[in-house]
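Coordinates in review
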Amino acid sequence: MQLHMGRLLAVAWLVLCAIQGQALPKPSVLKPYRVLVVVAGWGDPASQVIGEKDAFQPVAALLKAWSVPFDILRLDQQTLGASYLFDRSGAVRYGAMLWLADMPSYAGKNLAVFTEAVQQGTSIIVAASRFTDPVLERILGLHYKADYRAPDPVLRGPVHFITRELMDDMKPGREQSLHIWVECRGAQALISQGRHPVLTVYQPSPDTAAVWVGAPDLRSLLDSPYWRNIFQRSLLWGLRYLVLPDVDYSRRVLVMIDDWGAADKSFLSYWRYQTVTEELIRDKVIPVLAHHHAVVSANVVTGFVDRKTHRVISPWDQKFTDDYGVEQDYASTERGLKAAVEAGVLEIQSHGWTHMQPDLDAPPGPWWTADLDGEASVGGWYEEFEDTRRGVEAPALAQLFHLKRSLDYLRQDFGARPLSVIIGGGGWSESYQNHSARMAAQAGFGLFDINEDYFYLDRDLVLDMRGISPALGHQYDRDLHPETWPQHPDGPFVLLFHDRDISLQHDFIERTFNALPKDAMTLSMNHYVGLLHAQITSAREGIEFRFQYEEPYGAYFRNHSSPWRLLLADPLAIKIKHSAVASMIVDGRMAGPFDTSQLAERPVPIQLPAGLETHSWKLELK
């Protein structure tokens, strides 16, 4: 009955358009490749920083990791209207909506416009939400009854595209946490917990899907393999396709080496060692990385805090014997780093400008003249983006000054344009006005790293990617145990150590890489930033996608090809299979025939050539 009513509404909409003389939008084979994420609220009043405390952070991080374009509509600031859901031609702007708002955030909101968007092709996926609005109930084919707790096992029902790849070993088993009790009124329950549906699907109009995911919370969509699989398949079912990076993140490691150029190794009693020489890099680093086809990040400090002149000077002019009798040759280090870059095994990234807080003069300083056995040895002095020594944050303008100095001098010293910055000492400022990741975005970085966690950055968005890539700090006096690493299907495992480890154990790089799984490969930072920042759009007509790699974030792809994979839901796969002939066209040139016989079993490979121009990939059907 509900499905029949949905079709009647669709016909009524078409008739109304004809009566009013409106041009009907031309139907497209593909839904728009963009998702509208509807949230109850957002911790940042300026709608730029998505942090750990935002309930929708796990979903936003997953969408970014999957390269799915999305916009956010926040119900605490914005009103719903047709202008959000339709473009000026009358076509829908979004292939799917993710409704993540729980009651009563949408009380008094006019949701009637959702019906129009759904009738014209926008699917809707509702997750962890007690929907009480009649419009949402009709679209979902459900009725919210109450919250509940139950000990019953979670069991699959009818076979469906969304659930057919669920494995028994992923099943969460008994779920004791609070859940949402819904009643099916046209929708089909695909998974249930006793008498309680926890995953339902409905077809509110001929070419749209309405999915309700009764996950315990939004965090489980990322952390639980079971719910993550359901979420991705629901999104695929709603959009009818997904374009994902063709990278097996589960076998990728992003390796970073900190502290190149930092001054503290030459005067701190608890962190002293000889800077790594050119000879050591050429003998024990470059050959090992080349043998493993590895590319790693050197996180470089370009400002040497000089206690003699009370100034920040270039590290690479420093050659001296320190107070411990160790010869320090920073110029040799620079030559070694340049040799590794030339060999293609190293990328230069930023570790800040000085690895020290901006204010080295005020009490309890000045640090310049403080005793290295006392005040000057305190760790708070060596945190560049937070002033823990004085118990305050680092001012935004001071942080921005340091970040831009780092960029300028790394370009001057190495001809490099770093895309990531990793903080020194673990301290960073979190308030909105001084938010260190926001300052890094303003400076032009694409990723802000906090050792075990990192933020995606662009001109409009600062997104905490917590939960995507697990990380480990490694060092020379430890063994590496990759078998204990958690699963990471959506981002690389991040392995971090220091130049100190190479200095104190010359074969450290070889030992580390020999301990990695045989099938593990490195993913360079510039490659990863390029993937996260790739902009993908679908064409208005046919099966065609455009890929844009924007400067500076997409620099990796200037000289590297980029593989992607197109996942298809059954309705689109069947439509393509009906074509007698299919050909792939890349950047307007024929790339060969395409076999449609195995569309349901494997993704469609998309291979784009090197170059920063906008690339196109088209599947031409005849």
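All values reported here derive from a predicted model rather than from experimental measurement.

A short note on the overall build of the protein
- Counting its regular elements, the protein contains 15 helices and 35 strands.
- In terms of overall size, the protein behaves like a compact globule, its C-alpha atoms giving a radius of gyration of 27 Å where 622 residues would be expected to give roughly 25 Å.
- Summarising its shape, the C-alpha atoms of the protein cover approximately 85 × 55 × 50 Å along the three principal directions.
- Within the protein, the proportion of its 622 residues that are buried is 57%.
- In the protein, the proportion of contacts linking residues at least 24 apart, taken out of those at least 6 apart, comes to 73%.
- Surface exposure of the protein reaches about 25,700 Å², of which carbon and sulfur atoms provide 51%.
- Each charge class in the protein was averaged separately, 59 positive and 75 negative side chains, and the resulting centres sit 8 Å apart.

With respect to the side chain of Arg 438
- Among the secondary structure elements, Arg 438 is positioned in helix α11 (residues 436-443).
- Despite its burial, Arg 438 remains without a salt bridge, the nearest opposite charge being carried by Asp 44 at 6.5 Å.
- Other than its neighbours up to four places away in sequence, Arg 438 contacts Gln 48, Val 49, Tyr 432, Gln 433 and Val 462.

Observations regarding the nonpolar core
- Ranked by size, the top nonpolar core spans 104 residues in total, and within it Val 213, Phe 547, Trp 564 and Trp 617 carry the most contacts.
- Looking at which element gives the most residues to this core, the answer is helix α7 (residues 225-239), with eight residues.
- Setting aside anything within four residues of it in sequence, one finds Trp 617 in contact with Ile 543, Glu 544, Phe 545, Phe 547, Leu 566, Met 584, Ile 585, Val 586, Val 604, Pro 605, Ile 606 and Leu 608.
- Core analysis: the next-biggest nonpolar cluster, separate from the first, contains 52 residues, Leu 289, Ala 370, Phe 414 and Leu 480 among them.

Points about the pattern of salt bridges
- Taken as a whole and judged by the stated rule, the model has 29 salt bridges.
- For Arg 251, the salt bridge identified is with Asp 519, shortest N-O distance 2.7 Å. Placement of the pair is Arg 251 in the loop between β12 (241-245) and β13 (252-260) and Asp 519 in the loop between α13 (508-515) and β28 (521-522), with a sequence separation of 268 residues.
- Using a relative accessible area of 41% as the deciding quantity, one classes Arg 251 as partly exposed.
- You can call Asp 519 partly exposed: its relative accessible area is 43%.
- Here Glu 375 makes a salt bridge to Arg 389, at a shortest N to O gap of 2.7 Å. In this pair, Glu 375 is assigned in the loop between β19 (346-350) and β20 (386-387) and Arg 389 in the loop between β20 and β21 (392-393), connecting sequence segments 14 residues apart.
- Connected through shared salt-bridge partners, Glu 52, Asp 453, Asp 464 and Arg 466 make up one network.

Considerations on unusual backbone geometry
- Going from Pro 363 to Pro 364, the amide bond is cis rather than trans, its omega being 10°.
- Checked against the element boundaries, Pro 364 lands in the loop between β19 and β20.
- The peptide bond linking Glu 551 to Pro 552 adopts the cis configuration, its omega dihedral lying at -5°.
- Looking at where Pro 552 falls in the secondary structure, it is placed in the loop between β30 (543-548) and β31 (562-568).
- You will see that Ser 47, though not glycine, has its phi angle at about 60°, which is positive.
- Unusually for a residue other than glycine, Asp 587 sits at a positive phi of about 50°.
- Within the secondary structure, Asp 587 sits in the loop between β32 (582-586) and β33 (589-593).
- Accessibility expressed as a relative area gives 22% for Asp 587, which makes it partly exposed.

Observations concerning empty space enclosed by the protein
- All chains considered together, the criterion is met by two cavities of 30 Å³ or more.
- Space inside the largest cavity adds up to approximately 50 Å³.
- Every residue along the wall of the largest cavity is listed here: Ile 257, Trp 260, Ile 281, Val 285, Leu 289, Leu 337, Ala 340, Val 345 and Leu 346.
- Within the residue set of the lining of the largest cavity, elements represented by two or more residues are β13, α8 (278-291) and α9 (330-342).
- For the lining of the largest cavity, the element with the most residues is α8, which contributes three residues.
- The residue makeup of the lining of the largest cavity, split by class, is nine nonpolar, no polar and no charged.
- Volume-wise, the second largest cavity comes out at about 40 Å³.

A short note on the pairing of β19
- Counted residue by residue, β19 has five buried out of five residues, so it is predominantly covered.
- Judged by which residues are buried, β19 turns out to be covered on both faces: Leu 346, Ile 348 and Ser 350 on one side and Glu 347 and Gln 349 on the other are all buried.
- In terms of strand pairing, strand β14 (residues 296-300) meets β19 through five bridges, oriented parallel. Across the sheet, residue Asn 299 finds its bridge partner in β19, namely Gln 349.

Digging into the environment of Tyr 456
- Within the element layout of this structure, Tyr 456 appears in strand β24 (residues 453-457).
- Among the residues examined, Tyr 456 registers a relative accessible area of 3% and is labelled buried.
- Sequence separation of Tyr 456 and Trp 381 is 75 residues, and the distance between their C-alpha atoms is 27 Å.
- Ignoring any residue separated from it by four or fewer positions in sequence, one finds Tyr 456 in contact with Lys 64, Gly 446, Leu 461, Val 462, Leu 463, Met 465, Leu 532 and His 533.
- A polar side-chain atom of Tyr 456 sits 3.5 Å from a polar atom in the side chain of Lys 64.

Notes on the sheet that holds β31
- With antiparallel pairing, three strands are arranged side by side in an open sheet as β12-β31-β34. This sheet does not close on itself; its edge strands, each paired only once, are β12 and β34 (604-608). This sheet shows a mean twist of 25° between the axes of neighbouring strands, independent of strand direction.
- Note: β12 against β31, five bridges, orientation antiparallel. Pairing of Leu 242 across the sheet is with Leu 567, part of β31.

As for the confidence of the model for the protein
- On average, the protein scores 92 in pLDDT, and the residues at 70 or more come to 93%.
- Throughout residues 1-27 the model reports pLDDT below 50, and contacts reaching past four residues in sequence, or to other chains, amount to 22 contacts.

A few points about the packing of aromatic side chains
- Going through the model one piece at a time under the given rule, you end up with 31 aromatic pairs.
- Through a chain of ring-to-ring contacts, the aromatic side chains of Tyr 33, Tyr 241, Phe 545 and Trp 617 assemble into a single cluster.
- The lysine or arginine in question, Arg 233, covers the ring of Phe 161, its NZ or CZ lying 3.9 Å from the ring centre.

A short note on the side chain of Ser 429
- Secondary-structure assignment places Ser 429 in the loop between β22 (420-422) and α11.
- Taking relative accessible area as the criterion, Ser 429 reaches 0% and is therefore assigned buried.
- Of the polar contacts made by the side chain of Ser 429, one reaches the backbone nitrogen of Ala 394; its length is 3.0 Å.
- Leaving out residues up to four positions away in the same chain, Ser 429 has contacts with Phe 385, Glu 386, Glu 393, Ala 394, Gln 399, Asn 434, His 435 and Ser 436.

Rules and cut-offs
- Residues numbered from 1 in each chain as written.
- Predicted model: local features only at pLDDT ≥ 70, side-chain atom pairs only at ≥ 80, totals over all residues.
- Heavy atoms only, no water.
- Helix = DSSP H or I, 4+ residues; strand = E, 2+ residues; numbered from the N terminus.
- Rg over C-alpha atoms; globule rule 2.2 N^0.38 Å.
- Buried < 20%, exposed > 50% of the residue type's maximum accessible area, 1.4 Å probe, protein only.
- Contact = heavy atoms within 4.5 Å.
- Areas by Shrake-Rupley, 256 points an atom, 1.4 Å probe, with all protein chains shown as cover.
- Lys, Arg positive; Asp, Glu negative; His and termini not counted.
- Charge placed at Lys NZ, Arg CZ, Asp CG, Glu CD.
- Salt bridge = Lys/Arg side-chain N within 4 Å of Asp/Glu carboxyl O.
- Core = buried A, V, L, I, M, F, W, Y, C linked by side-chain atoms within 4.5 Å.
- 1 Å grid on protein atoms, 1.4 Å probe; cavity = no way out; pocket = protein on both sides within 12 Å on 5 of 7 lines; lining within 4 Å.
- Points joined across faces, edges and corners; volume = space filled by probe spheres on them.
- Nonpolar A, V, L, I, M, F, W, Y, C, P; charged D, E, K, R; others polar.
- Pairing = 2+ DSSP bridges.
- Polar contact = N/O pair within 3.5 Å; in protein donor to acceptor, adjacent residues only side chain to side chain.
- Axes fitted to C-alpha atoms, helices over the stretch in contact; angles between N-to-C directions.
- pLDDT = per-residue confidence, 0-100.
- Phe/Tyr/Trp six-rings, centres within 6.5 Å; stacked < 30°, edge-to-face > 60°.
- Lys NZ or Arg CZ within 6 Å of the ring centre and 35° of its normal.

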